[in-house]
Amino acid sequence: EVRKCKACGKTEDRVIPALKEDESFLLGDVNKDGKLTAADARLALRVSAKLETLTDYILKVADMNKDGKITAADARTILRKSAKLE
């Protein structure tokens, strides 16, 4: 992943490790409890607001639109899926 600062233009490279073949996950299950609930959406929202630490695992499961970052839009998608609206 390459990120670019909008203010100064500086770029930063970051390697996001791939999942191992035996490593499975539920997309959106940010808190790793095996269920998709509003708690997952809340945690994703806290990550997007930088109130929680972003880990490789969270990036893998919470990036619902696959843009390489966790945003409020990802949290909204998780919430809608947990409520079976999507």
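Everything below is about the structure printed above this text.
What counts, and at which threshold
Residue indices begin from 1 for each chain and proceed along its sequence in written order. Confidence filtering applies because this is a predicted model: local features only for residues at pLDDT of at least 70, side-chain atom pairs given and counted only at 80 or more, and all residues used for totals across whole chains, interfaces and linings. Neither water nor hydrogens contribute to the side-chain values; these are computed over all heavy atoms in the structure. Remark: exposure states derive from per-residue accessible area (1.4 Å probe, protein chains only) relative to the maximum for the residue type, with buried under 20%, exposed over 50%, and partly exposed in between. Counting from the N terminus, the helices are DSSP H or I runs at least four residues long and the strands are E runs at least two residues long. Summarising the geometry, the arc corresponds to the directions from the helix axis toward the C-beta atoms. Contacts between residues were defined by any pair of non-hydrogen atoms, one from each residue, lying within 4.5 Å. In plain words, nonpolar cores are sets of buried Ala, Val, Leu, Ile, Met, Phe, Trp, Tyr and Cys residues tied together by side-chain atoms within 4.5 Å. Take a side-chain nitrogen of Lys or Arg and a carboxyl oxygen of Asp or Glu: if they are within 4 Å of each other, that pair is a salt bridge.

## Some points on helix α1 (residues 38-48)
Then, in step 1: Regarding α1, the residues found buried are D40, A41, L43, A44 and V47. The buried residues of α1 occupy an angular sector of 165° when the element is viewed end-on, so they sit on one face.
Then, in step 2: Looking at the buried positions of α1, the neighbouring elements they touch are α2 (56-62) and α3 (72-82).
Then, in step 3: Just downstream of α1 lies K50, where phi reads positive at about 60°.

## Focus: the nonpolar core
Then, in step 1: V30, A44, I58, A62, I70 and I78 are the most contacted members of the largest nonpolar core, which totals 14 residues.
Then, in step 2: For this core, the secondary structure elements donating two or more residues are α1, α2 and α3.
Then, in step 3: In terms of residue count, the dominant contributor to this core is α2 (five residues).
Then, in step 4: When neighbours within four sequence positions are excluded, I78 is seen to be in contact with G28, V30, L36, T37, D40, A41, A44, A62 and M64.

## A word on the pattern of salt bridges
Then, in step 1: Considering all chains together, one arrives at two salt bridges under this definition.
Then, in step 2: R46 is paired through a salt bridge with E52; the nearest N and O atoms lie 2.9 Å apart.
Then, in step 3: Exposure remark for R46: the relative accessible area of 26% places this residue in the partly exposed category.
Then, in step 4: Look at E52 and you get partly exposed, because its relative accessible area is 34%.
Then, in step 5: The closest approach of N and O atoms between R80 and E86, which form a salt bridge, is 2.9 Å.
Then, in step 6: Among the residues examined, E86 registers a relative accessible area of 47% and is labelled partly exposed.

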